[in-house]
Amino acid sequence: MNQRQFPPSDATTVDVGRPFPCDASVPGPELCIVVPTFNERANIEVLVDRVALALRGIDWEIIFVDDDSRDGTLDIVRRLGLANRRVRGIRRIGRRGLSSAAIEGLLSTSAPFVAVMDGDLQHDETLLPRMLALLKAGATALVIASRYAAGGGADGLSPGRRRLSRAGVRLARWLTKADVRDPVSGFFMLRREVVELVAPRLSGVGTKILIDLLASSPRRLSPIEVPYQFRPRHAGESKLNSLTALEYLLLLAEKFSGHYFSHRFMMFGLVGATGVVVNLAVLRVLLVLRVGPTEAAAAATVTAMVSNFFLNNLLTYRDSRLGGWRAVRGLLSFMAVCCGGALVNVAIFRELYMVTGWWLPAGVAGAVVGALINYSLTQAFTWGSRL
Ligand code: GDD
Ligand code: MN
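Residues numbered from 1 in each chain as written. Chains lettered and ligands numbered in written order. Predicted model: local features only at pLDDT ≥ 70, side-chain atom pairs only at ≥ 80, totals over all residues. Heavy atoms only, no water.

Quick look at the site of ligand 1
Here comes step 1: The local shell around ligand 1 holds 25 residues, among which Glu40, Asp67, Asp118, Arg147 and Lys239 are the closest.
Here comes step 2: In isolation ligand 1 exposes 740 Å². Once the protein is present, 98% of that is buried.
Here comes step 3: Listed by contribution, the elements that provide at least two residues to the shell around ligand 1 are β1 (31-37) and α3 (98-106).
Here comes step 4: Here the residues of the shell around ligand 1 sort into eight nonpolar, seven polar and ten charged. (Near = heavy atom within 4 Å. Areas by Shrake-Rupley, 256 points an atom, 1.4 Å probe, with all protein chains shown as cover. Helix = DSSP H or I, 4+ residues; strand = E, 2+ residues; numbered from the N terminus. Nonpolar A, V, L, I, M, F, W, Y, C, P; charged D, E, K, R; others polar.)

Details of the side chain of Lys255
Here comes step 1: Of note, Lys255 is situated in helix α8 (residues 243-256).
Here comes step 2: Non-local contacts of Lys255, meaning those with residues more than four positions away in its chain, are made with Arg201, Leu202, Ser203, Asp212, Ala215 and Ser216. (Contact = heavy atoms within 4.5 Å.)

Some details on the nonpolar core
Here comes step 1: Counting 44 residues, the largest nonpolar core has Ile33, Ile62, Phe64, Leu128 and Met131 as the members making the most contacts within it.
Here comes step 2: Contact partners of Met131, with chain neighbours within four places excluded, come to Val143, Ala145, Phe187, Phe188, Met189 and Val226.
Here comes step 3: Within the second largest apolar cluster, 28 residues are counted, among which are Ile63, Val180, Ile209 and Leu214. (Core = buried A, V, L, I, M, F, W, Y, C linked by side-chain atoms within 4.5 Å. Buried < 20%, exposed > 50% of the residue type's maximum accessible area, 1.4 Å probe, protein only.)

Brief notes about the domain arrangement of the protein
Here comes step 1: Assigned domains of the protein: these are domain 1 (31-239) and domain 2 (263-381).
Here comes step 2: Taken residue by residue, the interface counts five residues in domain 1 and four residues in domain 2.
Here comes step 3: Summed over both sides, the interface between domain 1 and domain 2 buries roughly 310 Å², with carbon and sulfur atoms accounting for 55% of that surface.
Here comes step 4: The largest per-residue losses of area from domain 1 upon contact with domain 2 belong to Gly94, Arg96 and Val205, which jointly make up 83% of the total buried on that side.
Here comes step 5: Linking domain 1 to domain 2 there are zero salt bridges.
Here comes step 6: Linking domain 1 with domain 2 are one residue pair in polar contact (both at pLDDT 80 or more), by the criterion used here.
Here comes step 7: Broken down by class, the residue content of the side of domain 1 that touches domain 2 amounts to one nonpolar, two polar and two charged. (Domains from an automatic or database assignment. Buried area = accessible area lost by both parts, 1.4 Å probe. Salt bridge = Lys/Arg side-chain N within 4 Å of Asp/Glu carboxyl O. Polar contact = N/O pair within 3.5 Å; in protein donor to acceptor, adjacent residues only side chain to side chain.)

Describing the coordination of the manganese ion (ligand 2)
Here comes step 1: Within the protein, the atoms that donate to the manganese ion (ligand 2) are Asp120 (OD) and Gln122 (OE1), at distances of 2.0 Å.
Here comes step 2: Among the residues examined, Asp120 registers a relative accessible area of 3% and is labelled buried. (Donors = N, O, S within 2.8 Å, 3.2 Å for Na, K, Ca; no water.)

Quick notes on α8
Here comes step 1: If you check α8, its first and last C-alpha atoms are 20 Å apart, about what 14 residues at 1.5 Å a residue would give, namely 20 Å.
Here comes step 2: Regarding α8, the residues found buried are Leu243, Thr244, Glu247, Tyr248, Leu250, Leu251, Leu252, Glu254 and Lys255.
Here comes step 3: The inward-facing, buried residues of α8 contact α5 (159-176), α7 (209-216), α9 (263-288) and α10 (293-316).
Here comes step 4: One or two positions beyond α8, positive phi appears at Gly258, with a value near 65 degrees. (Expected span 1.5 Å × (residues − 1).)

Topic: the packing of α9 against α10
Here comes step 1: It is the contact of α9 with α10, at a shortest axis distance of 8 Å, that shows an interaxial angle of 150 degrees. The pairing of α9 with α10 is recorded here as roughly antiparallel in orientation. Handedness of the crossing formed by α9 with α10: right-handed.
Here comes step 2: For the contact of α9 with α10, the per-class residue count stands at 16 nonpolar, ten polar and one charged. (Axes fitted to C-alpha atoms, helices over the stretch in contact; angles between N-to-C directions. Parallel < 35°, antiparallel > 145°, perpendicular 65-115°, else oblique. Left-handed = near helix turned anticlockwise from the far one by under 90°.)

Digging into the packing of α7 against α8
The geometry of a pair of packed helices is captured by two quantities: the angle between their axes and the separation between those axes.
Here comes step 1: The contact between α7 and α8 brings their axes to 11 Å, and the two run at 5 degrees. Classified by the angle their axes make, α7 and α8 are roughly parallel. Of the residues in α8, those touching α7 at Ile211, Asp212, Ala215 and Ser216 are Tyr248, Leu251, Leu252 and Lys255.
Here comes step 2: Looking at the contact of α7 with α8, its residues break down into five nonpolar, one polar and two charged.

Overview of the pattern of salt bridges
Here comes step 1: Enumeration according to the criterion identifies 19 salt bridges in this entry.
Here comes step 2: The salt bridge involving Asp124 is made with Arg231; its shortest N-O contact spans 3.8 Å. Of this pair, Asp124 sits in the loop between β4 (113-116) and α4 (128-136) while Arg231 sits in the loop between β7 (224-227) and α8, placing them 107 residues apart in sequence.
Here comes step 3: In this structure, Lys255 and Asp212 form a salt bridge, with 2.5 Å as the shortest nitrogen-oxygen distance. Of this pair, Lys255 sits in helix α8 while Asp212 sits in helix α7, and the two are 43 residues apart along the sequence.

Set out below in structure tokens:
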């Protein structure tokens, strides 16, 4: 028999609206700071100390959302959490992504005010009380700490990154029509109600969680920006790489297609297009080398499948990438599914062609249905969630 009872037996008469008799003296915090982390071991303690200093007199908590860092980031969080209930941690396994980690943290708290902040001390924590005061005064539902508002600065970015960041800002402003100076800021605070409202519409792809929020909100958010100086990193190195720009473009494309095309499906389609090129290139080379047509076509198809699998693992599913033996198993299931997709493709083409006599529409219909089958089945079986 299950011995665990919840709520505890002495609290079975608790109603909504009445305090828990078991531990009535500790209400939840007013402000929650969500910090996505990946290999930030050397920054955690300093960050918690500085936040604690900045937030004296405010009831706060900090939640580190860690993607199973190998450097023991979460061990530090757990140790601090044992000593101080303001410090919490979420461990995500087999997943990667700054935005999705931030969303998960934002949805894990009951605090009425929530902030997102980097874990490497580039964001100025002394701004937090002012940001909270603006929200509490009802001046706005979203406060953005801004590098590009008057008085702010981005000296902590390298010149190359600064140029890229400014280009990203211009693109976002143009597309969202939002009058925000720093829509790619990773540091902002908002009312939790807004998060709850917007969460089901978020894409969660990449690192630009603020753009995601601004573009997904059914209500105009009219944020207030407070300027700050973006500092150099305290310890460790940036986790952002060349894929970040691609993720950003996919996020914008998903948002501005009105979620009609998911970022993943678009990437899968792009990879599929490269597969056609690989297939034709290998076919051509083998035919020139006088390999028989059947063998050449078979080899070209297999090569394209293998290259599609690895590109999808690298790009389309970069947030849940398969490694080691999982990648081998994934490749096999990917190839099995793609063979199924190819058979359906051929069957549809043949039927439509026989009925209509039009090769092009029949070919396109077969290819599209085959691709949709490949996409949905490989999403479920090859890259399906592990937890
Ligand atoms: N959980 C999780 N998963 N956290 C991550 C991941 C991830 O895949 N990638 C990065 N982080 C965490 C880092 O550990 C750090 O705490 C924070 O997210 C920011 O990552 P950095 O690697 O320091 O990013 P950055 O400084 O290059 O970029 C920052 O500035 C940009 C504006 O120029 C970020 O705040 C971006 O979001 C922001 O757009
Ligand atoms: Mn950083």
